[in-house]
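Observations on the model geometry
Spelled out from the first residue to the last, the chains are:
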Amino acid sequence: MRASQEDFESAMNQVKLLKKDPGNEVKLRLYALYKQATEGPCNMPKPGVFDFINKAKWDAWNALGSLPKETARQNYVDLVSSLTSSSESSTQVKPGADRGQQEYENLVVTSEDGITKIMFNRPTRKNAISTQMYQEIMLALKAASKDDSTITVVTGNGDYYCSGNDLANFTDIPPGGVEEKAKQSAIMLRDFVGTFIDFPKPLVAVVNGPAVGISVTILGLFDAVYASDRATFHTPFSHLGLSPEGCASYTFPKIMGPAKATEMLIFGKKLTAGEACAQGLVTEVFPDSTFQKEVWTRLKAYSKLPPNSMRISKQVIRNMEKEKLHAVNAEESSVLQERWLSDECINATMNFLSKKAKL
Ligand SMILES: CCCCCCCCCCC/C=C/C(=O)SCCNC(=O)CCNC(=O)[C@H](O)C(C)(C)COP(=O)(O)OP(=O)(O)OC[C@H]1O[C@@H](n2cnc3c(N)ncnc32)[C@H](O)[C@@H]1OP(=O)(O)O
């Protein structure tokens, strides 16, 4: 959801009420986002080198380049919200504390060494994502976006990373009928993917084993993807009478070129980790025997980099695309709303649930 003028004004008031000084770096960022949101790109003359304060302000504003006013307004609101939640919450989880095991039924969330780890935890179902688990992932990401960690990692417990949407989600039909279920599911899907699009910190996938469906498509929204050589990447949408989601209809052709994206998204070709790396979907592949050790050593080193700089770099890399990604997400979700009601999809799902089919 975009921040309104009202949200922006309320954020400006909240800044005045902050109990703790957020430090010069954050104050400069607030200043720059405020100027960009209200006046647009910086076109003031650059202050002289000895005018330190005004030069620092000018540099911060000028660094935002042609960031659209609406995006600057949204970023300002997000930044203030992260400041107010961290100063208000005395029970906030600090890195090193293990939290969430009571809070989440399908996830294990821990925070240590500046890294929040969100682990899918339904190993007996190959970490298939139930309706409740979609909600829990959104909650965990929102909490991670505001906690003290610098990097957020998503991974899976057991032999699978994730087998995608839990096909049993199709059986839980509300009193409004299957049309109502499809409508609610499209809203949930849009919100779920939107949470990844808007995630403000470096987001890393540690793909410990095979990945299927939506757990693959959203990888295009991560900042880095490390995979065990046991991992595979499979998006069998046509086999299931479905169509792509997670913004893959946009990110995959961009990452790997349209021809390779077609093989995955339309023909359902399963990629090995090596192939996915060669096509740019995966950052690096590690032997399974040393995967955890090598990846976590590297992530711990990355987590010591300056957090504000990493967030800002992510913004600079991603922000121009955000609007496009939200539009793609809305379109994909609305197409799927129709697909879920199609005979092709209903038959494929029934075949799986009655154990007549597997991928
Ligand atoms: C009316 C509209 C409602 C719509 C609601 C949708 C909401 C948002 C949707 C977002 C769009 C997402 C799309 C996708 O993700 S598409 C991909 C979906 N995933 C699959 O099709 C995978 C299905 N699973 C399999 O083919 C195999 O299980 C798999 C190859 C993954 C593993 O095979 P293996 O032989 O190694 O293991 P088992 O099959 O024995 O698995 C162990 C048990 O786990 C159950 N399981 C595994 N994956 C799923 C799954 N995705 N959904 C439900 N259940 C799953 C499996 O059945 C086994 O159970 P049992 O022990 O009871 O047999």
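Residues numbered from 1 in each chain as written. Predicted model: local features only at pLDDT ≥ 70, side-chain atom pairs only at ≥ 80, totals over all residues. Heavy atoms only, no water.

Turning next to the domain arrangement of the protein. Partitioning the protein into structural domains gives domain 1 (5-85) and domain 2 (107-357). Measuring from the centre of the C-alpha atoms in domain 1 to the corresponding centre in domain 2 gives 32 Å. Taken together, the contacts link 11 residues of domain 1 with 10 residues of domain 2. Buried area between domain 1 and domain 2, both sides added, is near 960 Å², and the carbon and sulfur share of it is 46%. Across the contact surface, domain 1 and domain 2 share zero salt bridges. At the junction of domain 1 and domain 2, the tally comes to zero residue pairs in polar contact (both at pLDDT 80 or more). Counting residues per element, the ones that place at least two in the side of domain 1 that touches domain 2 are helix H2 (24-39) and helix H4 (69-88). It is H4 that provides the largest number of residues to the side of domain 1 that touches domain 2, a total of five residues. Broken down by class, the residue content of the side of domain 1 that touches domain 2 amounts to three nonpolar, six polar and two charged. (Domains from an automatic or database assignment. Contact = heavy atoms within 4.5 Å. Buried area = accessible area lost by both parts, 1.4 Å probe. Salt bridge = Lys/Arg side-chain N within 4 Å of Asp/Glu carboxyl O. Polar contact = N/O pair within 3.5 Å; in protein donor to acceptor, adjacent residues only side chain to side chain. Helix = DSSP H or I, 4+ residues; strand = E, 2+ residues; numbered from the N terminus. Nonpolar A, V, L, I, M, F, W, Y, C, P; charged D, E, K, R; others polar.)

For the ligand, the set of nearby residues contains 27 residues, the closest of which are Ser-163, Asn-165, Leu-167, Lys-355 and Lys-358. Thr-124 has a polar backbone atom sitting 3.4 Å from an oxygen atom of the ligand. Leu-167 places a main-chain nitrogen or oxygen 2.8 Å from a nitrogen atom of the ligand. Looking at which element gives the most residues to the shell around the ligand, the answer is helix H6 (residues 177-197), with four residues. Its residues placed into classes, the shell around the ligand shows 14 nonpolar, six polar and seven charged. (Near = heavy atom within 4 Å.)

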